[in-house]
Amino acid sequence: MKDSAGRVIYVGKAKNLRSRAGSYFGKPAADDPRTEWVTEIRDVDYMECESEVDALLMEARLIKDVQPKYNKELKDDKTFPYLMITTAEDFPRVEVTREPRDRGVKLYGPFANAGALRGAVQVLQKIFKFRTCSLDIDAGDERWKWFRPCLLAAIKQCTAPCNLRISPEEYRRGIKRLQMVLNGDKAGLLKQLRAEMQEAAQSLAFERAAVLRDEIHMLETLDRRGDLDTHAQPEVFFIDPRKV
């Protein structure tokens, strides 16, 4: 949304653009102290996204890059949720946090809707199978081979690095793919995955090709994943072997 000088003053997202835009131009919005800035709106641009996940990520990137006047509170307020990837661990974890670290992490956000962000993480976890637990996993500690993974591994939503079922190198490749999506390069990732799938098939690595095929399909059908706020994460429990 832009003012009379063409400056972007607010960025938001909506499933129903007509309904969302209409809500800004009624008398209740103009009389509400929280939205009285709507009287400054003189023009509106929109960008169509393929899915609710894409829209959520696009909104956060635009707020960070453009820094609209009336999103500034969101950008500066640390109480809003961030998506944080720990980069200094053997197996980086992905978590939603309102208290992001200053070092050893890659941050995305802030996000306006914590529920939608958690839903997006759970949708993306089904594709990239990253861990969201708080375990401090040491790839060089053989004791982790006897650790019992949580339910997420059983339902194939995590590659179970806690059981050393995946190498740090292979796990980090998945994290890099996730970051391509978070950075808005889903098209580039799909192109990369298709090339890898074709190479795997030509090398007769059919199991690997099938995994890549499934990843491609899930990425292409993000728009069919339903309302992000309805995604429920299984409740999981774990025991840190160093504390037994």
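See the structure above.
Let me begin by describing the structure that accompanies this report. (Residues numbered from 1 in each chain as written. Predicted model: local features only at pLDDT ≥ 70, side-chain atom pairs only at ≥ 80, totals over all residues. Heavy atoms only, no water.)

## Let's talk about the overall build of the chain
For clarity, the cut-off: Segments assigned H or I by DSSP are reported as helices when at least four residues long, segments assigned E as strands when at least two residues long, and all are numbered from the N terminus. To sort residues, take the accessible area from a 1.4 Å probe on protein chains only and compare it with the maximum for the residue type: under 20% means buried, over 50% means exposed, and anything in between is partly exposed. In what follows, residue pairs with any heavy atoms lying within 4.5 Å of each other are defined as contacts.
Along the backbone of the chain there are nine helices and three strands. For the chain, the sequential pattern of α-helices and β-strands runs α-α-α-α-β-β-β-α-α-α-α-α. Counting the 244 residues in the chain, one finds 40% classified as buried. Intrachain contacts of the chain at a sequence separation of at least 6 include 62% that bridge at least 24 residues.

## Structural notes on the pattern of salt bridges
The test is simple: The term salt bridge refers to a pairing of a side-chain nitrogen on Lys or Arg with a carboxyl oxygen on Asp or Glu at a separation within 4 Å.
Across all of its chains, the model carries 18 salt bridges by this definition. The salt bridge partner of Glu-95 is Arg-93, with a shortest N-O separation of 2.5 Å. The class of Arg-93 is buried, set by a relative accessible area of 8%. We note a salt bridge from Glu-196 to Arg-208, for which the minimum N-O separation is 3.6 Å. Of this pair, Glu-196 sits in helix H8 (residues 186-202) while Arg-208 is found in helix H9 (residues 206-220), placing the two residues twelve residues apart along the sequence. The class of Glu-196 is partly exposed, set by a relative accessible area of 23%. On the basis of relative accessibility, which here comes to 31%, the residue Arg-208 falls in the partly exposed class. Connected through shared salt-bridge partners, Glu-170, Arg-173, Arg-177, Glu-196, Arg-208 and Glu-215 make up one network.

## Remarks on helix H7 (residues 168-182)
Note the following rule: Each residue after the first adds 1.5 Å to the expected span of a helix.
Compared with the 21 Å implied by 1.5 Å per residue over 15 residues, the 21 Å span of H7 between its first and last C-alpha is a close match. Remark: Gly-184 follows H7 within two positions and exhibits a positive phi of approximately 85°.

## Concerning the sheet that holds strand S3 (residues 105-108)
Going by this rule: Following DSSP output, two strands are said to pair if at least two bridges run between them. All axes here are fitted lines through C-alpha atoms, helices being fitted over the stretch that makes contact, and every angle between N-to-C directions spans 0 to 180 degrees.
Taken in spatial order, the three strands make up an open sheet running S2-S1-S3, and their pairing is antiparallel. One side of each edge strand has no neighbouring strand; the edge strands of this open sheet are strand S2 (94-97) and S3. Averaged over all neighbouring strand pairs, the angle between strand axes comes to 30°, with direction disregarded. Here strand S1 (residues 82-86) pairs with S3 via four bridges, running antiparallel. Within the sheet, the bridge partner assigned to Met-84 lies in S3 and is Leu-107. Each of S1, S2 and S3 touches H7; the most contacted strand, S1, lies at about 155° to it.

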